Amino acid sequence: QLQASGGGLVQAGGSLRLSCAASGRTFSSYAMGWFRQAPGKERDVVAAITWSGGSTYYADSVKGRFTISRDNVKNTVTLQMNSLKPEDTAVYYCAASGRTYSNAYYYARREGYNYWGQGTLVTVSS
C-alpha cells in the first residue's frame, strides 16, 4: 500500500528525490515518516511529517539537507535529499502512522507506524 521510489546511485554532494505513493487507502489523515537502514545498523528515522504537514521532524544528521513534504490530494510524500554524503547510503523506507500528535517529534520512533513501504536503495559514492 506504500510504494517508495526514487533511489539510485549518486555522487557525494548530489541530490535525489524520493517519493512514496499510497494506494488502496487514503493516507491524508496519517502522519508519514521516512526511515533508513544501513547494512548492520538499526532502522532509524530520517524525517517525519504530521498529517496536515504543519509540523516536521528531522534527524540531526540530515537537518538542513533533507526536506520532507506531502501532497494529500495526490496521496504522496516526498523526501528531497541534497548535499548527499556517503554516510547517507542506506535502504530508505516510508511509513504511515495512525497516531495523532500535533508535533512531528513524536513520530521519530519506529513504534506506532502501521504501514511500511518496501524500501528503495540510495547509494552515495565518495
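Throughout what follows, the structure given in this document is the object of discussion. For clarity, every value in this text was computed on a predicted model and none was experimentally measured.

## With respect to unusual backbone geometry
Stage number 1. With a phi close to 60 degrees, N75 is a non-glycine residue in the positive phi region.
Stage number 2. Note on placement: N75 falls in the loop between β7 (66-71) and β8 (76-81).
Stage number 3. Even without glycine at this site, S83 takes up a positive phi of about 50 degrees.
Stage number 4. With respect to the element layout, S83 can be found in the loop between β8 and β9 (90-97).

## Regarding the packing of aromatic side chains
Centre-to-centre distance and the angle between the planes together describe a pair of aromatic rings.
Stage number 1. Applying the stated criterion to the full structure yields 10 aromatic pairs.
Stage number 2. Taken together, a centroid distance of 5.9 Å and an interplanar angle of 65 degrees make the contact between Y30 and Y115 edge-to-face. With a gap of 85 residues between them, Y30 in the loop between β3 (16-22) and β4 (31-37) and Y115 in strand β10 (residues 113-116) connect regions that are remote in the sequence.
Stage number 3. You can call Y115 partly exposed: its relative accessible area is 22%.
Stage number 4. Judged by centre distance (5.8 Å) and plane angle (50 degrees), the rings of Y113 and W116 are tilted.
Stage number 5. The buried category is assigned to Y113, whose relative accessible area is 8%.
Stage number 6. Its relative accessible area of 29% is what places W116 among the partly exposed residues.
Stage number 7. By the ring-pair criterion, three or more aromatic residues cluster together here, those being Y57, Y101, Y105, Y106 and Y107.
Stage number 8. The cationic tip of R43 hangs over the ring face of Y93; the distance from NZ or CZ to the ring centre is 3.6 Å.

About the criteria used
Residues numbered from 1 in each chain as written. Predicted model: local features only at pLDDT ≥ 70, side-chain atom pairs only at ≥ 80, totals over all residues. Heavy atoms only, no water. Helix = DSSP H or I, 4+ residues; strand = E, 2+ residues; numbered from the N terminus. Phe/Tyr/Trp six-rings, centres within 6.5 Å; stacked < 30°, edge-to-face > 60°. Buried < 20%, exposed > 50% of the residue type's maximum accessible area, 1.4 Å probe, protein only. Lys NZ or Arg CZ within 6 Å of the ring centre and 35° of its normal.

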